[in-house]
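Geometric and topological summary
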Amino acid sequence: MSHFIDRRLNPKDKSLGNRQRFLRRAREELRQVFNKRLKSTPIADVDSDHAVTVSSSITGEPSFRHAAATGRRNIVLPGNTMYSAGDRIPKHGQVGGQMGRQAGDSAPDDDFQFVLNREEVLDLFFEGLELPDMVKLHLKEVLAFKSRRSGYTTTGTPSNINVRRTMRNSLGRRIALRRPSRDELDEISRQISELENHEQTPAIRLKLLKLQETLRRLTHRRKLVAYVDPLDIRYNRFEARPVPNTAAVMFCLMDVSGSMGEREKDLAKRFFVLLHLFLKRRYERTEIVFIRHTHEAKVVDEDTFFYSMQSGGTIVSSALDEMQRVIAEKYPVNEWNIYAAQASDGDNSPYDSNRCQEILEGGLLAKCQYFAYVEIIDARERDIFRSATNGTPLWNSYRSVSEKLPRLQMVRLAVPEDIYPVFRHLFAKHGSVGLG
Amino acid sequence: MRAGNDLQRPLFHGSDWNFDILQRVYDAIKQIAHEDLHLDTYTNQLEIISAEQMLDAYSSIGMPLMYGHWSYGKRFLQEEQLYRKGHMGLAYELVINSNPCICYLMEGNTAALQTLVIAHAAFGHNHFFKNNQLFRQWTDASAILTYLDFAKNYVRQCEERHGVAAVERVLDAAHALMDQGVFRYRRPGRLSAEQEKARERERVAHAERTFNDLWRTLPSFAFKTAPSEATAGQSTEEENILYFIEKNSPILEPWQREIVRIVRFLAQYFYPQRQTKMMNEGCATFVHYTITNLMFERGLIEEGHMLEIIQNHSEVIFQPGFNDLRYGGLNPYALGFEMMRDIQRICTEPTAEDRDWFPEIAGKGAWLDVLLDAWASHRDESFIRQFLSPKLIRKMRLFALVDDASDSYVEVTAIHDDRGYESVRSALADSYDITTHQPDIQVIGADLAGDRCLRLRHKIRNGVMLQEESRDATLRHLATLWGYEVRLIGVDGQSGQTVYERSTKAVAEKS
């Protein structure tokens, strides 16, 4: 006897659960690995599969095992072409190396490398981050519905039949209406055929007639009382429930003026790419508005924002004006959660910083849930600008706003490895992650 | 063997297979296996799986069911990585020592390869599992699947009740001690999932029956069970550390003991496989070689397919020399297969040398009986000691060396010549003795009435020490299971002198 079983259609990913357990275990370390990696890789590459290495301290599986290169061991090897008994082979060099490998009973506790897929990378990346103060839970124009099981119904489509409930009803009805069972009928048929083979005396004939009558009656009754009656059938009932659909918009403001060098633009772009990924991943329905400005501001699409070049003077308030215009036009404040992230090198035309302050205080900030300002500074200036009180005119104006209205948050960014900590700082769930 | 004019029609043409072909191939192999080779096998259950499923199976140590643990996820990631990068091909098959015997066949195998694989796994390994005395005595093939099912559900329930982290802590610790969780000398009890479940149910029921909320209000010191006279008085030497922990740990809850027990049973289940790896593979390779050749002789396999089979076969038994870059240790398939072919040769065409070395079997002709008997009664170490012939030592050019860590050279002690055969053979046999690979660590005492310090002794053989980092981490794991100090004493095997002493207190201070 043998059985062939085709398992190919069985669910795959049987070890998915174990894989997740492992990732949970290595989570902290993985995050650090990524943070380091952000320095070197183009940031848009975050959005792909990654090979990562974690050290054995977390994922090692210790046991009592022999250490290599201790004590005296006997070894047997195949393929001897050159040695005879008594030969001494120096341990270094090829032969010794080979034997070292053979001799070591324990595999070295190497760091462990594996590949994370894109989803896992992003999950890890944005774990514990969210848009702050998402309070306006207004329903957007189209309501989203989600169906949910709720009880049973007598009407529905065949695919929703609840077999268990249906059969329960059927059984109850059959018992109540005394539907003859198959066994009962079989028993009577058996008796009939027994009597038919018997010698036909009048008594037997009478009995036979009686039995045949019973059989006819029972068969009839079986026909009358169906096994499953339409009355029995129950369907799973589904109820459509509205899902609150939060509306949020993120304004990305970037200075692309001449004072922003390649390095500054690169840092700003990296920051926004990260922000973009985060929003795409976490908030399906968040809209993103890209505004870039020199001495004048323009709403642009994603590609232009990230990839095209422009040059000119610097008037930061132009971007804020543009943002206000777009809000007035498209995003009614009572329906939308409005967020903004601004990146600049802090340079601005004289007096414009004050105007920025006026715009922010004069109502723009009140409309926003949260406003993040990222100032990109020279790595060498990091020490000078260590304290928050010290800074460019724009920084100082923003700071005075920030002191009054804490929904304006400001940070400085000098080197690529700061990006991720800064990002986490700005979007950490409240009280969970500080500036690393 | 039948005459050449008795040719039968080939079982299949082309490389594609379907279930009809597999069934025909299976039946033909079965006939040869049972009638010509007198193999005795469990009922087979052959399952066709895809590459992903094979990876899944790999990562749960080849078992169809397994409880969840992160280390299996790690293994999966490792294997997947190797596989995707093309560093490693997947096995063509995987076979489980169970009754019925489950064989996984890869869907990507050609018809010829499936023939090879069925002969190899479903008959070769299967026969070995069913007949080898180690498996017969130490594992219970009919109970393993139900037991694993019990274990998986039990661990899952514990996770629900006590949290994943708490269960993981126990499993991590128990896994670290798996090598020390085996009875080497006495036969363990049979496992039975039904009994385990009943035991567990009874315990829970008893707890529920005798539940009295008042107990909870008592001060907790009243709960500490004083070691009974019997435990305190009995000899506490024990080779099986996990067993000792399970029975005597002062702090483990019943469910934790049960998990330790599960890990211990698994360790025990795999113990014979590790002692018979070479023979097991050799047996399976010899069986597939013999069967496919017989099939070819009888016309059941076409020439082209036979070439494919031979090519795969020779890849499997490829043994590079020690100085070849591809060398990765002695290939168990190669050594096992060569030894068994050699036995066949000694029985049928012996030389004068063979008659000297193997007077009981040389020229007696009944090679199959000799092999069947060897498969049934030997493990790797004793098999080599008994059957490795000078001819094979010459053929494989085996040579023995001594590597002493204190010397700057490795000394060749014996090669394939008259003076060397005996010592090469015994050195090779020793290297297959599992006890030389695993440190000898045993419980020598636990002061249950006093400070509850658990004392272990590591008997150092030939000065081979433990890897320190791993040792300390394992001691920490052991301390989580024991709850009190654990002290490991390293004693030199010959002189009996104490070489080192390590306590979890010191380990904790260091870290």
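For the structure, see preceding data.
As the structure is a computational prediction, the values presented were derived from the model and not from experiment.

1. Description of the overall build of chain A
When helices and strands are counted, chain A shows 13 helices and 13 strands. Residue pairs at least 24 apart in sequence account for 80% of intrachain contacts in chain A once pairs closer than 6 positions are excluded. If you sum the accessible surface of chain A, you get close to 23,200 Å²; carbon and sulfur atoms cover 52% of it.

2. Notes on the packing of helix 10 (residues 316-330) of chain A against helix 11 (residues 352-367) of chain A
Any two packed helices are characterised by how steeply their axes cross, that is the angle between the axes, and by the distance between the axes. Residue and element names in this part refer to chain A. Where helix 10 contacts helix 11, the two axes come as close as 9 Å, and the packing angle between them is 20°. Relative to helix 11, the element helix 10 lies roughly parallel. Of the two elements, helix 10 crosses helix 11, and the hand of that crossing is left-handed. Together, V316, S317, L320, D321, M323, Q324 and I327 of helix 10 and D352, R355, C356, I359, L360, L364 and K367 of helix 11 make up the contact between the two elements. Counted by class, the contact of helix 10 with helix 11 contains eight nonpolar, two polar and four charged residues.

3. Things to note about the sheet that holds strand 3 (residues 72-77) of chain A
Reading across from one edge, 3(A)-4(B)-5(B)-4(A) is the order of the four strands in this open sheet, with antiparallel pairing throughout. Of all strands in the sheet, those with a lone pairing partner are strand 3 and strand 4 (88-90) of chain A, marking the two edges. The average undirected angle you get between the axes of adjacent strands in this sheet is 30°. With six bridges joining them, strand 3 of chain A and strand 4 (residues 399-404) of chain B adopt antiparallel strand pairing. Note that in strand 4 of chain B the partner of R73 of chain A across the bridge is D403 of chain B.

4. Let's talk about helix 18 (residues 380-387) of chain B
Residue and element names in this part refer to chain B. Of all the positions in helix 18, only D380, E381, F383, I384 and F387 are classed as buried. The arc enclosing the buried residues of helix 18, seen along the axis, measures out at 165°, which places them on a common side. If you follow the buried residues of helix 18, they end up packed against helix 12 (254-275), helix 13 (277-297), helix 15 (332-348), helix 17 (367-377) and helix 20 (421-431).

5. Observations concerning unusual backbone geometry
All names here are of chain B. With an omega of 0°, the peptide bond between N99 and P100 qualifies as cis. A positive phi is found at R452, a non-glycine position, where the angle reads about 60°. By the secondary structure assignment, R452 is in the loop between strand 6 (440-446) and strand 7 (454-460). R452 gets classed as buried once you look at its relative accessible area, which sits at 16%.

6. Some details on the interface of chain A and chain B
Facing the 67 residues of chain A at the interface are 94 residues of chain B. In total, chain A and chain B occlude about 7,400 Å² of area from one another, counting both sides; carbon and sulfur atoms represent 55% of this. On the chain A side of the interface with chain B, the three residues burying the most area are F4, F64 and V76 of chain A, jointly 13% of the side's total. Note that R8 of chain A is salt-bridged to E107 of chain B, the shortest N-O span being 3.5 Å. Secondary structure elements with two or more residues in the side of chain A that touches chain B: strand 1 (2-6), helix 1 (16-40), helix 2 (56-59), strand 3, strand 4, helix 3 (94-103) and strand 5 (112-116) of chain A. By residue number, the principal contributor to the side of chain A that touches chain B is helix 3 of chain A, which donates seven residues. Taken together, the residues of the side of chain A that touches chain B break down into 25 nonpolar, 22 polar and 20 charged.

7. Concerning the side chain of T504 of chain B
Mapped onto the elements of the fold, T504 of chain B is located in helix 23 (residues 504-510). Ignoring sequence-local partners within four residues, the contact set of T504 of chain B consists of L475, R476, A479, Y484, E485 and V486 of chain B.

8. Regarding the environment of F150 of chain B
Here F150 of chain B lies in helix 6 (residues 144-162). Considered as a pair, F150 of chain B and Y67 of chain B are 83 residues apart in the sequence and their alpha carbons are 9.4 Å apart.

9. A short note on the pattern of salt bridges
Enumeration over the complete set of coordinates arrives at 42 salt bridges over all chains. The closest approach of N and O atoms between R355 of chain A and D321 of chain A, which form a salt bridge, is 2.4 Å. Of this pair, R355 of chain A sits in helix 11 while D321 of chain A sits in helix 10, and the two are 34 residues apart along the sequence. Overall, the relative accessible area of 35% leaves R355 of chain A in the partly exposed class. Between D472 of chain B and R502 of chain B there is a salt bridge; the shortest N-O distance is 2.9 Å. Here D472 of chain B is found in helix 22 (residues 468-482), whereas its partner R502 of chain B is found in strand 9 (residues 498-503), with 30 residues between them in sequence. Accessibility classification places D472 of chain B together with R502 of chain B in one group, the buried group.

Rules used throughout
- Residues numbered from 1 in each chain as written.
- Chains lettered and ligands numbered in written order.
- Predicted model: local features only at pLDDT ≥ 70, side-chain atom pairs only at ≥ 80, totals over all residues.
- Heavy atoms only, no water.
- Helix = DSSP H or I, 4+ residues; strand = E, 2+ residues; numbered from the N terminus.
- Contact = heavy atoms within 4.5 Å.
- Areas by Shrake-Rupley, 256 points an atom, 1.4 Å probe, with all protein chains shown as cover.
- Axes fitted to C-alpha atoms, helices over the stretch in contact; angles between N-to-C directions.
- Parallel < 35°, antiparallel > 145°, perpendicular 65-115°, else oblique.
- Left-handed = near helix turned anticlockwise from the far one by under 90°.
- Nonpolar A, V, L, I, M, F, W, Y, C, P; charged D, E, K, R; others polar.
- Pairing = 2+ DSSP bridges.
- Buried < 20%, exposed > 50% of the residue type's maximum accessible area, 1.4 Å probe, protein only.
- Arc of directions from axis to C-beta.
- Buried area = accessible area lost by both parts, 1.4 Å probe.
- Salt bridge = Lys/Arg side-chain N within 4 Å of Asp/Glu carboxyl O.

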